[in-house]
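# Breakdown of the fold
Read off the chains here:
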Amino acid sequence: MDEIILYFDVSHAIEVHDWIIDNSGGLAGINNLGLLESPLEHIQNDNYYPKIVDKLTHLVFSIIKFHAFIDGNKRSSIALGSYFLKLNGYDYTVKKFVLKMENIAVWVAEGKISKELLADVIESLIYEDNFSESLKLNILLAISD
């Protein structure tokens, strides 16, 4: 039997973003609602994003790179990614996800970490205790350029 994946809607994403801005500073507001609606809709397509790693990667990458919000996109991507994990029973990795994704999100925003490497990072965060040596090397090579 296939895994049942739970999702959240745009209004929840906006509430989370607004809470982040209210509690950690920054500019409130949305640049483009479609840039938020799109990834939230697309991750529900199992043909394109069949696994939780694929869905979470697209969600986090899209929020960081496409700037749906005026400010706080990296913080929102981490918070919404964490919520997506918790919603789907991956509570055990949320703390590690939050801690490890802080720098990763910055490197994604800077274009140093590709979507493919982000997927490897997320897969490791979900299924492994620590990053493998090869993943650490790939991250190091990516951020050194």
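Computed from a prediction, not measured in an experiment: that's the story for all the values here.

Attention now moves to the nonpolar core. By size, the foremost hydrophobic cluster in this structure holds 41 residues, and its most contacted members are L56, F97, M101 and L118. When residues of this core are traced back to their parent elements, those giving at least two are helix 1 (10–24), helix 2 (34–42), helix 3 (52–66), helix 4 (73–87), helix 5 (94–109), helix 6 (115–127) and helix 7 (133–144). Among the elements that line this core, the one with the most residues is helix 3, at 8 residues. Here L118 is in contact with T57, V60, F61, M101, I104, V108 and I113, once residues within four sequence places are set aside.

Turning our attention to helix 7. Across its 12 residues, helix 7 extends 16 Å between first and last C-alpha, which sits within 8% of the 16 Å expected from 1.5 Å per residue. Every buried residue of helix 7 is accounted for by L135, I139 and A142. All buried residues of helix 7 project into a common sector of 65 degrees when viewed along the axis, lining one side. Within helix 7, the exposed residues directed more than 90 degrees away from the buried face are E133 and S144. Looking at the buried side of helix 7, the elements it contacts are helix 5 and helix 6.

Cut-off values and rules
- Residues numbered from 1 in each chain as written.
- Predicted model: local features only at pLDDT ≥ 70, side-chain atom pairs only at ≥ 80, totals over all residues.
- Heavy atoms only, no water.
- Core = buried A, V, L, I, M, F, W, Y, C linked by side-chain atoms within 4.5 Å.
- Buried < 20%, exposed > 50% of the residue type's maximum accessible area, 1.4 Å probe, protein only.
- Helix = DSSP H or I, 4+ residues; strand = E, 2+ residues; numbered from the N terminus.
- Contact = heavy atoms within 4.5 Å.
- Expected span 1.5 Å × (residues − 1).
- Arc of directions from axis to C-beta.

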